[in-house]
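Each chain is listed here by its residues.
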Amino acid sequence: ENCVQGLLEISRRGLVLSSRDLKSHRRATDQDAREERLAASSSAAETLSALASIGSRGHLPLPAVAVVAKGLCSLLASVDSTMSRISLSGLYPLAATNDRGEEAALRIEKEAFVSQRESCVADIAELLWSLLAHRSSACIAVTALLRFIETELFPVPSALGVQTD
């Protein structure tokens, strides 16, 4: 159970790319900053792939299912361009260059970054589907998904301290 939560945390750090999780500044465009972002997204892709593999076999511990389902929903919300305040170009900024060769190399790096993030989204979807499809985890996963939608996506006004008449 702790291993599963650790894998989710690695995935979160690699997808969200919070400034508190990175050594370099968010807007840094130097090689070290780009390599750090690529390594983080690669780690996220690998951990989510491992979780999806474990989940597809029905081997996630039942006590972890609700936490995993909520964590996966949170990850999806963080990478969804309609819900995130940070654009993809903000997550992986590139410096302007006049060198065509360098520009092509930077474009390939960014495509690798995007590809890893897309792989993460696919693994999240696969794992969520596995949780919903397995008889032993379906009820727990559905409850966690609905609770996430209710509390995180569409919070009830009374929960925000707003009175309704």
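Residues numbered from 1 in each chain as written. Predicted model: local features only at pLDDT ≥ 70, side-chain atom pairs only at ≥ 80, totals over all residues. Heavy atoms only, no water.

**Comments concerning the nonpolar core**
Stage number 1. Among the nonpolar cores identified, the biggest contains 26 residues, and Leu-48, Val-68, Leu-72, Leu-127 and Leu-131 are the most heavily contacted of them.
Stage number 2. The set of elements that each furnish at least two residues to this core consists of helix H1 (2-16), helix H2 (31-56), helix H3 (62-79), helix H5 (100-133) and helix H6 (135-153).
Stage number 3. At eight residues, the largest contribution of residues to this core is made by H3.
Stage number 4. If we skip the residues at most four places from it in the chain, Leu-131 touches Leu-60, Val-65, Val-68, Ala-69, Leu-72, Ser-137, Ala-138 and Ala-141. (Core = buried A, V, L, I, M, F, W, Y, C linked by side-chain atoms within 4.5 Å. Buried < 20%, exposed > 50% of the residue type's maximum accessible area, 1.4 Å probe, protein only. Helix = DSSP H or I, 4+ residues; strand = E, 2+ residues; numbered from the N terminus. Contact = heavy atoms within 4.5 Å.)

**Quick look at the packing of H2 against H5**
Stage number 1. Interhelical geometry of H2 versus H5 gives an angle of 20 degrees and a closest axis separation of 8 Å. It follows that H2 is roughly parallel to H5 by the angle criterion. The two elements H2 and H5 meet at a crossing, and its hand is left-handed.
Stage number 2. Each residue belonging to the contact of H2 with H5 can be placed in one class, and the counts come to twelve nonpolar, eight polar and five charged. (Axes fitted to C-alpha atoms, helices over the stretch in contact; angles between N-to-C directions. Parallel < 35°, antiparallel > 145°, perpendicular 65-115°, else oblique. Left-handed = near helix turned anticlockwise from the far one by under 90°. Nonpolar A, V, L, I, M, F, W, Y, C, P; charged D, E, K, R; others polar.)

**Here we look at the pattern of salt bridges**
Stage number 1. A complete count under the given rule lists four salt bridges for this structure.
Stage number 2. Notably, a salt bridge pairs Glu-109 with Arg-34, separated by 2.6 Å at the nearest N-O pair. With Glu-109 in helix H5 and Arg-34 in helix H2, the pair connects residues that are 75 residues apart, well separated along the chain.
Stage number 3. In this structure, Arg-107 and Glu-103 form a salt bridge, with 3.5 Å as the shortest nitrogen-oxygen distance. Of the two residues, Arg-107 and Glu-103 both sit in helix H5, four residues apart, roughly one turn of that helix. (Salt bridge = Lys/Arg side-chain N within 4 Å of Asp/Glu carboxyl O.)

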